[in-house]
Amino acid sequence: MTQPRNDEAADGGFAKTYSPADIETRRYAEWEKAGAFACNPDASAQPYTIMMPPPNVTGSLHMGHALTFTVQDVLIRHWRMRGRDALWQPGTDHAGIATQMVVERRLAEQGVFLDRGGVPPKNANAKLIGRAQFLEEAWKWKAESGGTITRQLRRLGASPDWARERFTMDEGLSRAVRRVFVDLFRQGLIYRDKRLVNWDPKLQTAVSDLEVEQREIKGNLWHFRYPIEGDPSRFIVVATTRPETMLGDTAVAVHPDDSRFKELVGKRAVLPLVGRAIPIVADEYSDPEKGSGAVKITPAHDFNDFEVGRRHGLAMINVLDRDARIAGDVPEKYRGLDRHEARKLVVADIEAAGLLEKVEAHTHMVPHGDRSGVALEPWLTDQWFCDAATLARPAIEAVENGHTRFVPKHWENTYYEWMRNIQPWCISRQLWWGHRIPAWYGPDGEVFVAHDVQEAQSAARSKYGRDVELVQDNDVLDTWFSSALWPFSTLGWPEPTPELKRYYPGDVLVTGFDIIFFWVARMMMMGIHFGNPGKPLAQRVPFRTVYIHALVRDERGQKMSKSKGNIIDPLDIIGKYGTDALRFTLCALAAQGRDIKLAPARVEGYRNFITKLWNAARYARMNGAAPVADFDPTKVSGTVNKWLLGELARAAAGVTAAIEGYRFNEAADAIYRFVWGTFCDWYLEFTKPLLQQGSGEEKSEVRATAAYTIGICLKLLHPLAPYVTEELWEVLGYRKGDLPLMSESWPVLPAEIGNAAAEEEMNWVVDVITAIRALRAEMNVPQSAKLPLYRRDAGTVAQARLGRHEGLIRTLARVEAISAEPVGQGTKGAAPIAVADATLVLPLAGFIDTAAESKRIEKEIARLAGDAEKLSRKLANADFLAKADPEVVEEQRERLAETDAARQRLSASLRLLQGL
C-alpha cells in the first residue's frame, strides 16, 4: 500500500487503528436495542431454528462455550441474512447439583447447613435450615449471580432472541416437566424401582454417568479364602479391591466351563466374619483367566454383580448407608464405621482368621463424583426410573431413516451404540434444588402421581373415601430430564402455541460429542414422544441435523484442565485481541472431526487479519472508494477489475457452501485468502498505478469496484466477525438508515460476473511474481537487490502479458528490466522459472555467494535430518506409543512430517544452487 494521508479531512474521521474494546460494547447495545436478534412468528419467510444448549446458570464462559456459541452464531447470522425467519432460542439450565453446591457452600461460609439427616455438621454453633429456607436462598442467589453466563455470551457477540430467554425452572417449563412426568407415568414409562445407582455420599444423591469421573488409583487386590460349607478344610479363593463390601456378599460365581470348579457349582461357601452360607453359581460373568477364576458377588454394591444377582435370584443385601458407613445386617462391630475404616478392620479380621491368601499391589480405575471429588458407591436404593428402551426405539429409527442426521456422520455410530444398549434411566435425585417429583404418598405408602397437590388429593379421596394427609416425594428430577424437553417446552408446549407450530422441529443442534448420550439422545426420545404427536416421524424429531463440534485443546493437543495449568480463558483472549479475532480463530480451526489446537499466537495471527481488513478499508476510503448505488459488476471494462470480481464470485460461493455444509474452517479460509491475498496483497497493489496515473474513467471504475468488493466481503465475513464488519459497514457508508449489516441480504453475485480471459491473465501475473519472490527467498537474495529478468521460449501470449504488466512485475518482484535472454547466455549462474507459455530466467551470479549459501543449506539439512532421526526413533518405540497420550503421539507425527517436508524443500534449493 502507499502511505495513507494522515489529515482528518482526508480520512473523514476514520480511526487509524481498529479498537475492539471501544466498538464491541456500543455495537452490541445497538443491535439489542433495535431488536435485530428477534424472530417473527407472523412472517411469511421460511423459519430457521437453533435451540441453544442451555448453559448452567452457575457457569462462566470457557473455551468450549466460546466454540459452540460462535458456531451457532455464525449459522444464525448467516441464515438470517439469507432471508429466513431465524430463531435462536436462548436460556439457561438450573444445573441441579452444581447450583445446590454453590448455594450450600455460600451458606456454610455463614455457618448455615442443610437439615437433611445424615452426619451432622462439625460446627457446634451451626444453624440448620429446612427445604423452604434453602430454596429461598437458592432463588436469591440465582437472581443475584445467575446472569453471569448470559452477560458473557453477549460479550462473545451471540445474537439469540433474548426476549424469549427461558430458564428450566421457570413456571412454563416447570409446568411442561410435570405434564411429561405424569403422562409417562400413566403410560407405564415411568416407575419406581429398587436398583443400583451411582451414589455420592458427600452430596447425598444419585448422580448420572455424565457426572462420574474415572480416576486411576494405586490400591491393593486382596485375595480371601471362603470355606466350603460342610468341609472347612476346603476353600474357594476370591479377590476384591473393596473388602468392606464382602459383608454383603450373597454368592460366589465361577465360569460354567471352568473345570476347576465344576464340582463346587451348586454347593455353598461360608462367608467369613458373617457366617452366612452363600451359593456357588455358574455364570459367564466370571473370567477364568482373571484372578483365581472365582468372583465374589455383592449385588447391592456392584453393577455387574447386580445383574448376576438378578439372573440367579440372589438376595441383595445393602451394607452401606447414605453416608457410606457400614449399616444393616452385619456384625455389630462394623456398624457405623466409615467405609475406609471398615476396610482396614475387615482385612485385619480376615487375616486374624487365617483366611487372607495374599495381597497384591493393584492399580485400577475408581469412579469419583466430578463435583464432590469423593469415590462413588454403587448403592441399592429406591429411585424413579424411565423406560428409556421403549422411548429409544423410534429415536433410533429416526436416525436410521435420515430424519435426523449427524455431522460428521460417524457420530451416528456413537448414538446407535448407546441407544441400542440403553438401560433404565434413573431420573430421581436426592436434592432440594430442581423440579420436585409430582408424586404424593398416602398413609399406607400408596403413590399418587398428579399435576398438582389438588389433583393428588382428589385421587386419594377417591381411594380412601375421605381426606387424608399426603406427603410429597422429597426427590427432584435429574437435570437432564427437563433439558430433554428443551426443544418444545421453550416454545410453549403443552399449549398449541404459534411458536410451537412454526419453529418445531428445529433445523440444527450444535453441541459437543460428550453429551450425545446424555442430552442429544434424550431430546430425541422426548421430542419424538411429545413434540408433534400424531404426525409423521420426520415432523416429530426435535432437530433435522446434529452438528458435533470438536474439543478445544491447548497448542500441544492436551485437554485443558486446572491441574495442568493450560486453561485459556476466552474472556482474557477477547480482552487482549478482540472478540472477532477469537471467533475467527475458532472457526478457522474447526475442521470436521479434528480437535482444535489453540494457542494465543493463533488468535494474534487472526487479529492481524482483522487489522489488515481495517487498514485496507481505510486505504480504499482515503483513495476515494465509496459505494456506488447503481454499480453493475457485470459491466466493468478493466482487466484487473474483471479479474477481481471473478475471484470475488468464487470466494462468495465458497464461503456460502462451506457455512451451509458446516465446514467452518473452509469458510474462514476462503474469505481470509480472498481478503488478505487477492484483495489486499494483489488488487490494491495492481491498481496503485491506475489510481496515480490512470484516466478519470479508470480511476472511477477502480474505486467503485473496490467499494463494491469491500461491501460484499463485509457481508461474507459478518457471521464470523460481526463487530468489525458492522463498524466498517456504517463508517464506509453502506448502511441504509438504521438497518444494521446483520439485517442485510446475503450476497448472491450475478452469474455473468468476471471474465475468464481476464482471470487467466491476472492469475498468470500473480504466478510470475510469486515464483520470482519464492526463488529470491530460497536463494537468500538480498531484499534491496534488483535483478534483471530474461524471457526464454516465450509465446506471443506470454510476451504480450509481460509487456502489458511489466511495470507491476518489476515493482512487485523487484527486478530492474524484462528482456529476451541474450544469445549465448546459457544457464550458467541463472535459475529458470517455468510459467505458462514461457520460461523466465533470473541471473543470480554476483548477487549471492553460491558456496556460502550451499554450506548454509547443507548445515540446515543436516540439522533437520538429526531431528527427523530422533522423531522416527521415538515413534518406533513401542513403550512411547503405549504410554503417551494420543495427542502427544499425533503431535510427534506432525513434527516428523513437517521436518521431512522442510528437508525436501531445502534439498531442491541445494540442487538448484549446485547447478548454477
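Fair warning: this is a prediction, and the values are worked out from it, not measured in the lab.

## Brief notes about the overall build of the protein
If you tally the helices and strands in the protein, you get 31 helices and 31 strands. A principal-axis box enclosing the C-alpha atoms of the protein has dimensions of 110 × 65 × 55 Å. Residues counted as buried form 54% of the 916 residues belonging to the protein. Within the structure as shown, the protein displays about 40100 Å² of accessible surface, and the carbon and sulfur contribution to it stands at 48%. Averaging the positions of the 116 positive and the 121 negative side-chain charges in the protein gives two centres separated by 2 Å.

## Examining the pairing of strand 30 (residues 830-835)
Summarising the sheet, strand 30 and strand 31 (residues 838-843) pair through six bridges and their orientation is antiparallel. Across the sheet, residue Ala834 finds its bridge partner in strand 31, namely Thr839.

## What to know about the packing of aromatic side chains
Counted under the stated rule, the structure contains 41 aromatic pairs. Between Tyr28 and Phe37 the ring centres are 5.3 Å apart and the planes differ by 55°, which places this aromatic pair in the tilted class. In this pair, the class of Tyr28 matches that of Phe37, namely buried. Pairing Trp682 with Phe686 gives two aromatic rings, centres 5.6 Å apart and planes at 40°, and the pair type is tilted. With Trp682 and Phe686 both in helix 22 (residues 664-686) and four residues apart, this pair spans about one turn of that helix.

## Section: empty space enclosed by the protein
Regions of empty space are outlined by a rolling probe, equal in size to a water molecule, passed over the atoms. The tally for this structure, following the rule as stated, stands at three cavities of 30 Å³ or more. Lining the largest cavity are Tyr619, Ala620, Asn623, Ala625, Tyr683, Leu684, Thr687, Leu691, Val702, Arg703 and Ala706. Looking at the lining of the largest cavity, the elements with two or more residues in it are helix 20 (600-622), helix 22 and helix 24 (696-717). Per-element tally for the lining of the largest cavity: the top contributor is helix 24, with three residues.

## Overview of the packing of helix 11 (residues 411-419) against helix 16 (residues 516-531)
Taken N-terminus to C-terminus, the directions of helix 11 and helix 16 make an angle of 75°; their axes are 11 Å apart at the nearest point. Between helix 11 and helix 16, the angle falls in the class roughly perpendicular. Contact with helix 11, carried on its side by Trp411, Thr414, Tyr415, Trp418 and Met419, involves Ile516, Phe517, Ala521, Arg522, Met524 and Met525 of helix 16 and no other residues of that element. A class-by-class count of the residues in the contact of helix 11 with helix 16 yields nine nonpolar, one polar and one charged.

## Observations regarding the side chain of Arg195
Summarising the element assignment, Arg195 is placed in strand 7 (residues 190-200). Beyond its immediate chain neighbours, meaning those up to four positions away, Arg195 contacts Phe306, Glu307, Arg310, Trp379, Leu380, Thr381, Phe385, Gln423 and Pro424.

## Let's talk about the sheet that holds strand 22 (residues 471-472)
Across the sheet, which stays open at both edges, the three strands sit in the order 21-20-22 with antiparallel pairing between neighbours. A strand with exactly one partner marks an edge of an open sheet, and here the two such strands are strand 21 (447-449) and strand 22. Where strand 20 (residues 439-441) lies against strand 22, two bridges are found, and the strand directions are antiparallel. Within the sheet, the bridge partner assigned to Tyr441 lies in strand 22 and is Val471. Contacting strand 20 and strand 21, helix 12 (residues 453-464) runs over the sheet at an angle of about 135° to strand 21.

## Things to note about helix 12
A rise of 1.5 Å per residue sets the reference length of helix 12, with its twelve residues, at 16 Å; its end C-alpha atoms lie 16 Å apart and thus fit the reference within 8%. Those residues of helix 12 lying buried are Ala456, Ala460 and Tyr464. The arc that holds every buried residue of helix 12, seen down its axis, measures 55°, which confines them to one face. Every exposed residue of helix 12 that faces more than 90 degrees away from the buried side is listed here: Gln454 and Ser462. Lining the buried residues of helix 12 we find strand 20 and strand 21. The backbone nitrogen of Gln454 lies 3.2 Å from a side-chain oxygen of the residue at the head of helix 12, namely Asp452. A positive backbone phi angle near 80° is found at Gly465, which sits one or two residues after helix 12.

## Regarding the sheet that holds strand 16 (residues 377-386)
The antiparallel open sheet is built from four strands, whose spatial order is 8-7-16-18. The two strands at the open ends of the sheet, each matched to only one other strand, are strand 8 (205-207) and strand 18 (425-426). Pairing between strand 7 and strand 8: three bridges, direction antiparallel. Counted as the bridge partner of Asp200 is Thr205 from strand 8. Strand contacts of helix 8 (residues 303-312): strand 7 and strand 16, with the helix running at about 145° to strand 7, the strand carrying the most contacts.

## Side note on the nonpolar core
Residues Leu75, Phe679, Phe686 and Ile809 are the most contacted members of the largest nonpolar core, which totals 139 residues. Here this core gets 13 residues from one element, more than from any other, and that element is helix 22. Apart from the residues lying within four places of it in its own chain, the contact partners of Ile809 are Val765, Val768, Ile769, Ile772, Leu789, Leu802, Arg814, Val815 and Ile818. Ranked by size, the runner-up nonpolar core spans 63 residues in total, among them Cys39, Leu189, Val449 and Leu477.

Definitions and cut-offs
- Residues numbered from 1 in each chain as written.
- Predicted model: local features only at pLDDT ≥ 70, side-chain atom pairs only at ≥ 80, totals over all residues.
- Heavy atoms only, no water.
- Helix = DSSP H or I, 4+ residues; strand = E, 2+ residues; numbered from the N terminus.
- Buried < 20%, exposed > 50% of the residue type's maximum accessible area, 1.4 Å probe, protein only.
- Areas by Shrake-Rupley, 256 points an atom, 1.4 Å probe, with all protein chains shown as cover.
- Lys, Arg positive; Asp, Glu negative; His and termini not counted.
- Charge placed at Lys NZ, Arg CZ, Asp CG, Glu CD.
- Pairing = 2+ DSSP bridges.
- Phe/Tyr/Trp six-rings, centres within 6.5 Å; stacked < 30°, edge-to-face > 60°.
- 1 Å grid on protein atoms, 1.4 Å probe; cavity = no way out; pocket = protein on both sides within 12 Å on 5 of 7 lines; lining within 4 Å.
- Points joined across faces, edges and corners; volume = space filled by probe spheres on them.
- Axes fitted to C-alpha atoms, helices over the stretch in contact; angles between N-to-C directions.
- Parallel < 35°, antiparallel > 145°, perpendicular 65-115°, else oblique.
- Contact = heavy atoms within 4.5 Å.
- Nonpolar A, V, L, I, M, F, W, Y, C, P; charged D, E, K, R; others polar.
- Expected span 1.5 Å × (residues − 1).
- Arc of directions from axis to C-beta.
- Polar contact = N/O pair within 3.5 Å; in protein donor to acceptor, adjacent residues only side chain to side chain.
- Core = buried A, V, L, I, M, F, W, Y, C linked by side-chain atoms within 4.5 Å.

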